[in-house]
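Fold and geometry: a report
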Amino acid sequence: MAKILVVTSGKGGVGKTTTSAAIGTGLALRGHKTVIVDFDVGLRNLDLIMGCERRVVYDFVNVVNGEANLQQALIKDKRLENLYVLAASQTRDKDALTLEGVEKVLMELKEQFDFVVCDSPAGIEKGAHLAMYFADEAIVVTNPEVSSVRDSDRMLGLLASKSRRAEKGEDPIKEHLLLTRYNPQRVHDGEMLGVEDVKEILAVTLLGVIPESQAVLKASNSGVPVILDDQSDAGQAYSDAVERLLGKTVEHRFLDVTKKGFFERLFGGR
């Protein structure tokens, strides 16, 4: 049974698109036919992170408006057989998407794919509402800081009350929490909320903790989802998160301050 998965947050800049790219790629790596849909009409960053920006001819809005069909707009990933991208439009605004149009496209995608990953714009505006409305599961992305966590709490309230599942009285959207840009040293120094603090505030199942890492920026700039960098902490953490999403029990890593060796301390390492 195909699943619609929304990646969302209340606050911008927390790593939603990086997460959408990593989770979608991770699902495809494990043999699931996956499409990642960019709902951020007017900005469009997913194609950059996926490294397919020069191949965008038709976009999500073109399909909604009947100016192109899905096969014309879907971009097949060059690295993975099972992975596709549906880009957002850079030249329209968020009003270009309608509930009926989005439903038509998503239902058509569900017939072709195992997972439809919706990369939501930040906040509670129309684009974010449309991205989450048809979801079966949601990954709420937050940073370990009070304002980000508070905004995520607001998103959880909307997921529980404003989705199609809620309106129809069906089983609620299954919610997952993903904590990004986590720095154990800063948590230890009292500059950042710890994992337990965030879990206590939001009371949502923890899908993963992604450590603060230069690998994320490097991957974004090179158009390669960070999950493909399996030597990096962030890549490994996203891989663990995908395993948990698929129902496996995987212990959380990268939560504690790394103890430096004698020579590292001797020569100035912290």
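It should be noted that the structure appears before, not after, this text.
The following paragraphs examine the structure supplied in this document. Model, not experiment: these values are computed from the prediction. (Residues numbered from 1 in each chain as written. Predicted model: local features only at pLDDT ≥ 70, side-chain atom pairs only at ≥ 80, totals over all residues. Heavy atoms only, no water.)

All right, on to the overall build of the chain then. Across its full length, the chain holds 13 helices and eight strands. Here the C-alpha atoms of the chain give a radius of gyration of 18 Å, agreeing with the 18 Å that 2.2 N^0.38 yields for 270 residues. Structurally, the chain occupies a C-alpha span of about 65 × 40 × 35 Å along its principal axes. Across the 270 residues in the chain, those meeting the buried criterion constitute 51%. For the chain, the accessible surface area stands at approximately 12900 Å², while carbon and sulfur atoms represent 48% of it. (Helix = DSSP H or I, 4+ residues; strand = E, 2+ residues; numbered from the N terminus. Rg over C-alpha atoms; globule rule 2.2 N^0.38 Å. Buried < 20%, exposed > 50% of the residue type's maximum accessible area, 1.4 Å probe, protein only. Areas by Shrake-Rupley, 256 points an atom, 1.4 Å probe, with all protein chains shown as cover.)

Read across the sheet, eight strands follow the order S3-S4-S2-S5-S1-S6-S7-S8 without closing on themselves; strand pairing throughout is mixed. Across the chains shown, the open sheet's two edge strands, defined by having one partner strand only, are strand S3 (75–76) and strand S8 (206–211). Running at roughly 150° to strand S7 (residues 174–182), helix H10 (residues 195–202) makes contact with strand S6 (137–142), S7 and S8 of the sheet. (Pairing = 2+ DSSP bridges. Contact = heavy atoms within 4.5 Å. Axes fitted to C-alpha atoms, helices over the stretch in contact; angles between N-to-C directions.)

Another point: the layout of surface pockets. For the largest pocket, the calculated volume is near 480 Å³. Here the residues of the lining of the largest pocket are counted per class, giving nine nonpolar, 10 polar and five charged. (1 Å grid on protein atoms, 1.4 Å probe; cavity = no way out; pocket = protein on both sides within 12 Å on 5 of 7 lines; lining within 4 Å. Points joined across faces, edges and corners; volume = space filled by probe spheres on them. Nonpolar A, V, L, I, M, F, W, Y, C, P; charged D, E, K, R; others polar.)

Before going further, it helps to spend a moment on the pattern of salt bridges. According to the stated counting rule, one finds 12 salt bridges in the structure shown. The closest approach of N and O atoms between Asp47 and Arg44, which form a salt bridge, is 3.3 Å. Judged by relative accessible area, Arg44 falls into the buried class, the value being 14%. Each of Arg30, Glu243 and Lys248 takes part in one network of salt bridges that share partners. (Salt bridge = Lys/Arg side-chain N within 4 Å of Asp/Glu carboxyl O.)

Below, the discussion takes up the packing of helix H1 (residues 16–29) against helix H12 (residues 233–245). For the pair H1 and H12, interaxial distance at closest approach is 9 Å and the crossing angle is 65°. The way H1 lies across H12 gives a crossing that is right-handed. Residues Thr18, Thr19, Ala22, Ile23, Gly26 and Leu27 of H1 touch H12, and the partners they reach there are Tyr238, Ala241, Val242 and Leu245. Split into classes, the residues belonging to the contact of H1 with H12 amount to seven nonpolar, three polar and no charged. (Left-handed = near helix turned anticlockwise from the far one by under 90°.)

With respect to the secondary-structure elements, Thr180 resides in strand S7. Among the polar contacts made by the side chain of Thr180, one reaches the side chain of Asn143 at a distance of 2.7 Å. When residues no more than four places from it in sequence are discounted, the contact partners of Thr180 are Val14, Thr19, Val141, Thr142, Asn143, Pro144, Ile210 and Tyr238. (Polar contact = N/O pair within 3.5 Å; in protein donor to acceptor, adjacent residues only side chain to side chain.)

Before going further, it helps to examine unusual backbone geometry. Backbone geometry follows two general trends: most residues other than glycine have a negative phi, and most peptide bonds adopt the trans configuration. Positive phi values are uncommon outside glycine, yet Arg181 reaches one of about 55°. By relative accessible area, which is 41% here, Arg181 ends up partly exposed. Even without glycine at this site, Ala203 takes up a positive phi of about 50°. Mapped onto the fold, Ala203 is located in the loop between H10 and S8.

Now for the packing of helix H7 (residues 146–161) against H10. Between H7 and H10, the least distance of the axes is 10 Å, while the angle of their chain directions is 35°. The handedness of the crossing between H7 and H10 is right-handed. Residue-level inspection shows Val149, Ser152, Asp153 and Leu156 of H7 in contact with H10, the latter providing Val198, Ile201 and Leu202.

With that settled, consider the nonpolar core. Considering soluble globular proteins, one finds that nonpolar side chains tend to be buried as a cluster. Ranked by size, the top nonpolar core spans 48 residues in total, and within it Phe39, Phe60, Leu86, Leu97, Leu106 and Leu109 carry the most contacts. Examining the composition of this core, we find that five residues originate from one element, H7, more than from any other. Not counting residues within four places of it along the chain, the set of residues in contact with Phe60 comprises Val37, Asp38, Phe39, Leu86, Ala87, Ala88, Leu97, Val102 and Val105. Of all hydrophobic cores here, the second largest spans 36 residues; its members include Ala21, Ala28, Ile49 and Val141. (Core = buried A, V, L, I, M, F, W, Y, C linked by side-chain atoms within 4.5 Å.)

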